[in-house]
Amino acid sequence: MRKLNIALPKGRLGEKAYKIFANIGYGCPEILEDSRKLIFENSENGVCYFWAKPSDVAIYVERGAADVGIVGKDILLEGGHDVYELADLQMGKCRMAVAGKKGMQPSGERTIRVATKFPHIARDFYDKKGLDIDIIKLNGSIEIAPLLGLSDVIVDIVETGKTLYENNLEPYETIVPISARLVVNKASFQFKNAEILAMTEKIQKAIAERE
Ligand code: PRP
């Protein structure tokens, strides 16, 4: 059995994903200890986990530093990473949406100023509509952009909608539903094919049973 290197996104989603791995025979109990350690190996179960920044997981997988990883579909769409997407974990569910001030949806007659952390997703969405936009790339707290007149709309993640609501904003349109995905390095998929397929099958079964 060849060892699988698994990149987990630091945070709640990564912890939930780890529980799935642990339940299907890929446990590594040390990972649950309260420490600052980032890499954990359990040779008995043939796994090595590491915690990465959520937006970096796909890079580790694409470049082969990790064989598999858990990544949000938003990050995959934005980054266009060259990896295989093998399963939808049906967790971390939210949507990518266009939003803005209540009742102020722009008509599209003038260039729309779009504030976002996801410039590629935004560009792609408006290109398909044939609308001209001016992208303002921000790194967080996107919701304040239309409130301060920096942008006309935002393209951002909406989960409960609470952040929009509490800031007098509203969703205008959904771009795409988002959830966590199991991704695999393309070379690893060849060289560790049996191990990766066995893991993927067990994950898919575990997800189906949860639903
Ligand atoms: C995300 C997103 C929204 C919020 C949506 O922000 O950018 O701000 O969650 O959640 P809601 O619909 O349940 O209110 P995140 O916490 O990732 O922080 P950010 O400001 O750095 O983007």
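Every value quoted in this text rests on a predicted model; they were computed, and no experiment measured them.

Observations regarding the sheet that holds strand S6 (residues 94-101)
Taken in spatial order, the 5 strands of this open sheet run S8-S7-S9-S6-S10, and their pairing is mixed. Sheet topology places strand S8 (133-137) and strand S10 (169-178) at the edges, where each strand pairs with a single neighbour. Adjacent strand axes in the sheet meet at a mean angle of 30°, parallel and antiparallel pairs treated alike. Of the strand pairs in this sheet, strand S7 (residues 112-116) and S8 are connected by 5 bridges, and their pairing is parallel. Residue Thr116 lies in a different strand from S8, and its bridge partner there is Lys137.

Side note on the layout of surface pockets
There is about 920 Å³ of room inside the largest pocket. Around the largest pocket, the lining is made up of 35 residues, and of these Asp74, Gly92, Cys94, Ile157 and Glu159 lie nearest the centre. Contributions of two or more residues to the lining of the largest pocket are made by helix H1 (12-26), strand S4 (68-72), helix H3 (73-79), strand S9 (153-158) and helix H6 (162-166). Classifying every residue of the lining of the largest pocket by side-chain character gives 13 nonpolar, 10 polar and 12 charged.

Details of the sheet that holds strand S3 (residues 47-52)
One open sheet accounts for 6 strands, arranged S2-S3-S1-S4-S11-S5; its pairing is mixed. The open sheet has two edge strands with one neighbour each: strand S2 (39-42) and strand S5 (84-88). Pairwise comparison of adjacent strand axes, ignoring direction, gives a mean angle of 25° for this sheet. Together, strand S1 (4-9), S3, S4 and strand S11 (180-184) form the strand contacts of H1, whose direction differs from that of S1 by roughly 150°.

Things to note about the packing of H1 against helix H8 (residues 193-210)
Closest axis-to-axis distance for the H1/H8 pair is 10 Å, and the angle between their directions is 115°. Classified by the angle their axes make, H1 and H8 are roughly perpendicular. Once H1 is placed against H8, the crossing between them reads as right-handed. In this structure, H1 contributes Ile20, Phe21, Ile24 and Tyr26 to the contact, and H8 contributes Glu195, Ala198, Met199, Lys202, Ile203, Ala206 and Arg210. For the contact of H1 with H8, the residue count by class is 8 nonpolar, no polar and 3 charged.

So, the state of the cysteines
Should the sulfur atoms of two cysteines be covalently bonded, the bond is a disulfide. Applying the stated rule across the entire model yields 0 disulfides. Of all cysteine sulfurs, the one in Cys48 lies closest to Cys28, which takes part in no disulfide; the gap is 7.6 Å. Residue classification places Cys28 among the buried positions, given a relative accessible area of 2%.

Considerations on the nonpolar core
Membership of the largest hydrophobic core comes to 29 residues, with the highest contact counts inside it found for Ile6, Leu8, Phe21, Tyr49, Leu89 and Met199. Every element with two or more residues in this core is listed here: S1, H1, S3, S4, S11 and H8. Looking at this core, the element that brings in the most residues is H1, giving 6 residues. In contact with Tyr49, other than residues within four places in its own chain, are Ile6, Leu8, Tyr18, Phe21, Tyr26, Cys28, Ile31, Leu38, Ile39 and Phe40. Formed by 15 residues, the second largest nonpolar core is a distinct cluster that contains Ile112, Phe118, Val153 and Tyr172.

A closer look at a positive patch on the surface
A surface patch of like charges, here positive, comprises Lys10, Arg36, Lys53, Lys117 and Lys137. Within the secondary structure, Lys137 is located in strand S8. On the accessibility criterion, Lys137 (46% relative accessible area) is partly exposed.

Digging into the site of the ligand
Close to the ligand lie Lys117, Gly140, Ser141, Glu143, Asp156, Ile157, Val158, Glu159, Thr160, Gly161, Lys162 and Thr163. At 2.6 Å, a side-chain N or O of Glu143 approaches an oxygen atom of the ligand. Between the ligand and Gly161 there is a distance of 2.7 Å, counted from an oxygen atom to a backbone nitrogen or oxygen. Calculation on the ligand without its partners gives an accessible area of 490 Å², and the protein chains cover 65% of this total. Using a 2 Å cut-off from the grid points, one finds that the ligand occupies the largest pocket.

Rules used in this analysis
- Residues numbered from 1 in each chain as written.
- Predicted model: local features only at pLDDT ≥ 70, side-chain atom pairs only at ≥ 80, totals over all residues.
- Heavy atoms only, no water.
- Pairing = 2+ DSSP bridges.
- Helix = DSSP H or I, 4+ residues; strand = E, 2+ residues; numbered from the N terminus.
- Axes fitted to C-alpha atoms, helices over the stretch in contact; angles between N-to-C directions.
- 1 Å grid on protein atoms, 1.4 Å probe; cavity = no way out; pocket = protein on both sides within 12 Å on 5 of 7 lines; lining within 4 Å.
- Points joined across faces, edges and corners; volume = space filled by probe spheres on them.
- Nonpolar A, V, L, I, M, F, W, Y, C, P; charged D, E, K, R; others polar.
- Contact = heavy atoms within 4.5 Å.
- Parallel < 35°, antiparallel > 145°, perpendicular 65-115°, else oblique.
- Left-handed = near helix turned anticlockwise from the far one by under 90°.
- Disulfide = S-S within 2.5 Å.
- Buried < 20%, exposed > 50% of the residue type's maximum accessible area, 1.4 Å probe, protein only.
- Core = buried A, V, L, I, M, F, W, Y, C linked by side-chain atoms within 4.5 Å.
- Patch = residues over 30% accessible without salt bridge, like charges linked within 9 Å, V, L, I, M, F, W, Y side chains within 5 Å.
- Areas by Shrake-Rupley, 256 points an atom, 1.4 Å probe, with all protein chains shown as cover.
- Salt bridge = Lys/Arg side-chain N within 4 Å of Asp/Glu carboxyl O.
- Lys, Arg positive; Asp, Glu negative; His and termini not counted.
- Charge placed at Lys NZ, Arg CZ, Asp CG, Glu CD.
- Near = heavy atom within 4 Å.
- Polar contact = N/O pair within 3.5 Å; in protein donor to acceptor, adjacent residues only side chain to side chain.
- Sits in = over half its atoms within 2 Å of the grid points.

In short, the description is geometric, and any link to function would need to be established separately.
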